[in-house]
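Chain by chain, the residues:
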Amino acid sequence: MDHCGTLFLCLCLLTLQNATAEKWKELLSYMENMQVSRARSPSFSFRQLHQLEQMLLNTSFPGYNLTLQTPTIQSLAFKLSCDFSGLSLSSATLKRVPQARGQHARGQYAWGQHAMQFPAELTWDACKTRPRELRLICIYFSNAHFFKDENNSSLLNNYVLGAQLSHGHVNNLRDPVNISFWHNQSLEGYTLSCVFWKEGARKQPWGGWSPEGCRTEQPSHSQVLCRCNHLTYFAVLMQLSPALVPAELLAPLTYISLVGCSISIVASLITVLLHFHSRKQSDSLTRIHMNLHASVLLLNIAFLLSPAFAMSPVPRSACTALAAALHYALLSCLTWMAIEGFNLYLLLGRVYNIYIHRYVLKLGVLGWGVPALLVLLSLSVKSSVYGPHTIPVFNSWENGTGFRNMSICWVRSPVVHSVLVMGYGGLTSLFNLVVLAWALLSLRRLRVRADAPNARACRDTVTVLGLTVLLGTTWALAFFSFGVLLLPQLFLFTILNSLYGFFLFLWFCSQRCRSEAEAKAQVEAFSSSQTTP
């Protein structure tokens with residue numbers, strides 16, 4: 001009887017082993033079929049991909065792991081327990097091997113020219129429900145032809161690495177998943193961004209690339225390191241970038257921006273407080289200046305907060321709100337600069353003989369209302385136009401160029417940036433430059449006239465030159481960020497425009513002193529006329 005039982009057990013084990021082998025063959029065949037689906041639609045390919053995930057999650061295998069491989073797809077499955085202490089898939093220290101059999105899931109495995117490191121936190125939420133078995137699957141595509149977005153974006157080496165946990169979606173990890181991509185390419189002129197495939201995003205129903213929850217670093221010229229707080233399919237997006245900020249200049253530019261914007265905030269705040277203190281003496285011209293000061297104050301505050309709100313612990317909604325506020329402040333600032341130019345035209349062109357009913361109120365609706373309408377319109381069309389925006393910087397290495405990114409809360413849509421940042425700023429700068437040139441020509445004609453004192457004409461010329469700051473003509477430097485002009489433009493633009501609020505404060509003080517001097521002279525003249533017999 002014992003012999004019969006032993007024979008029966010052996011037959012069962014043999015049958016189970018054959019069934020398992022057949023299942024593995026089925027998986028390999030399925031992966032090979034995915035390779036030949038290049039000409040099929042992306043939606044069909046993603047149905048195949050999800051089916052492959054389910055097959056890997058449900059396949060039985062002995063030991064702790066299973067590796068299946070075709071020429072362009074490699075699949076790995078790992079059995080995890082609640083005492084999981086982390087997993088590293090890497091080829092940095094081991095040579096590539098076709099199989100990884102019988103090794104524990106806490107070790108290190110060869111996996112092409114890539115690496116994925118999973119933190120112990122990966123299983124914490126899953127273990128709260130006490131599942132019978134946790135399973136982690138990893139899929140590597142060396143020719144990811146069906147991960148294409150509407151821009152046909154280029155991927156580093158055309159590689160995509162993905163991972164899923166059997167218990168469900170994994171996101172908001174405190175310790176990020178580290179994904180390394182090694183390469184031997186020259187990346188000069190490219191912006192690198194770690195991205196993941198977000199299904200249902202963008203225009204295609206099957207999705208597109210998104211950088212949410214990922215941070216891009218490059219420890220060396222041959223490695224790109226992605227730190228992401230969730231599991232999905234990752235890649236490194238390569239985009240041509242004609243103007244990259246050198247990393248060596250990032251620290252001084254950041255310091256200049258911080259100091260300049262802080263000085264401008266204090267100066268603008270003092271100016272607004274002085275205005276409210278002497279509110280009874282203010283006229284329409286002064287109130288227009290104060291609106292410009294208020295917009296500059298809002299712009300500087302939002303700009304200084306933007307990098308901090310782009311960090312991963314801050315909710316994305318907060319970054320989106322701050323990005324919209326920063327865009328609104330910039331548009332308001334540009335609009336009030338154009339209003340200053342329009343008001344200068346009225347003062348010089350109409351020789352002060354003009355009256356507009358509720359002039360300042362109408363200008364206020366234009367200066368604050370139009371930017372609000374544009375920002376709300378952008379949000380209504382697509383809320384994702386605002387959020388964390390990646391600024392590429394690069395390090396110069398001995399054998400190539402290394403990239404790393406910094407992020408701020410800003411406009412993410414290229415269309416919105418082109419139209420409502422560069423286009424809007426270009427129009428206002430062009431308008432104010434034309435007004436400034438016309439004002440200088442007008443004052444020159446006044447100086448030529450015999451009835452215009454030279455001293456008054458020269459003083460007016462100095463006044464209009466001071467208005468170059470008031471009209472924001474220095475913002476036109478943004479259109480010279482190319483070629484050999486890039487580095488000088490970066491420093492000039494940063495210095496002049498970060499101190500823009502301070503320059504406005506100096507203008508306000510000079511105009512205040514001038515008006516007080518004129519008022520004092522009039523009082524003295526009146527007093528002398530009264531005392532003359």
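Residues numbered from 1 in each chain as written. Predicted model: local features only at pLDDT ≥ 70, side-chain atom pairs only at ≥ 80, totals over all residues. Heavy atoms only, no water.

The name given to the chain in an unreviewed UniProt entry is Adhesion G-protein coupled receptor G5, with Rhinopithecus bieti as the source organism. In the Sequence similarities (unreviewed entry) part of its UniProt record, the chain is described as follows: "Belongs to the G-protein coupled receptor 2 family. Adhesion G-protein coupled receptor (ADGR) subfamily." Quoted verbatim from the Subcellular location (unreviewed entry) heading of the UniProt record, the comment on the chain is "Cell membrane". (UniProt positions renumbered as here; feature names shortened; annotations may be inferred.)

Peer 1: Give a description of the state of the cysteines that names residues and reports values.
Peer 2: Summed over the entire model, instances satisfying the criterion amount to 3 disulfides. Here C194 pairs with C226 through a disulfide, and the sulfurs are 1.9 Å apart. On the sign convention where negative means left-handed, the S-S torsion of about -80 degrees between C194 and C226 marks this disulfide as left-handed. Residue C194 is located in strand β10 (residues 190-198), and its partner C226 is located in strand β13 (residues 223-228); the two are separated by 32 residues in the primary sequence. Of the two residues, C194 and C226, neither departs from the other in class, the shared state being buried. (Disulfide = S-S within 2.5 Å. Helix = DSSP H or I, 4+ residues; strand = E, 2+ residues; numbered from the N terminus. Buried < 20%, exposed > 50% of the residue type's maximum accessible area, 1.4 Å probe, protein only.)

Peer 1: An account of unusual backbone geometry is requested, with residue identities and associated values reported.
Peer 2: Phi is positive for N172, close to 55 degrees, though the residue is something other than glycine. Secondary-structure assignment places N172 in the loop between β8 (160-165) and β9 (177-182). Overall, the relative accessible area of 64% leaves N172 in the exposed class.

Peer 1: Would you mind going over the pairing of strand β2 (residues 73-80) in detail, with residue names and values included?
Peer 2: Within β2, 7 of the 8 residues are buried, which leaves it mostly tucked inside the rest of the structure. Two strands pair when backbone bridges link them, and strand β1 (residues 65-69) and β2 are joined in this way by 5 bridges, in the antiparallel orientation. Bridge pairing in β2 links L68 to S75. Between β1 and the antiparallel strand that follows it, β2, lie 3 residues. (Pairing = 2+ DSSP bridges.)

Peer 1: Residues and numbers for the pattern of salt bridges, please.
Peer 2: Taken as a whole and assessed by the stated rule, the structure comprises 4 salt bridges. Between E212 and R316 there is a salt bridge, with its nearest N and O atoms 3.8 Å apart. Here E212 is found in the loop between β11 (208-210) and β12 (214-220), whereas its partner R316 is found in helix α6 (residues 316-349), with 104 residues between them in sequence. The exposure class assigned to E212 is partly exposed, which follows from its relative accessible area of 24%. (Salt bridge = Lys/Arg side-chain N within 4 Å of Asp/Glu carboxyl O.)

Peer 1: So, the confidence of the model for the chain: which residues are in play, and what are the values?
Peer 2: Looking at the chain as a whole, the pLDDT averages 76, with 71% of positions reaching at least 70. In the model of the chain, strand β4 (residues 108-109) stands out as the element of lowest mean pLDDT, 38, in contrast to helix α7 (residues 359-381), which has the highest, 93. Within the model, the stretch residues 11-19 combines pLDDT values under 50 with 0 contacts to residues more than four positions away or in other chains. When the criterion is pLDDT under 50, residues 396-403 qualifies, and its contacts beyond four places in sequence or with other chains add up to 26 contacts. (pLDDT = per-residue confidence, 0-100. Contact = heavy atoms within 4.5 Å.)

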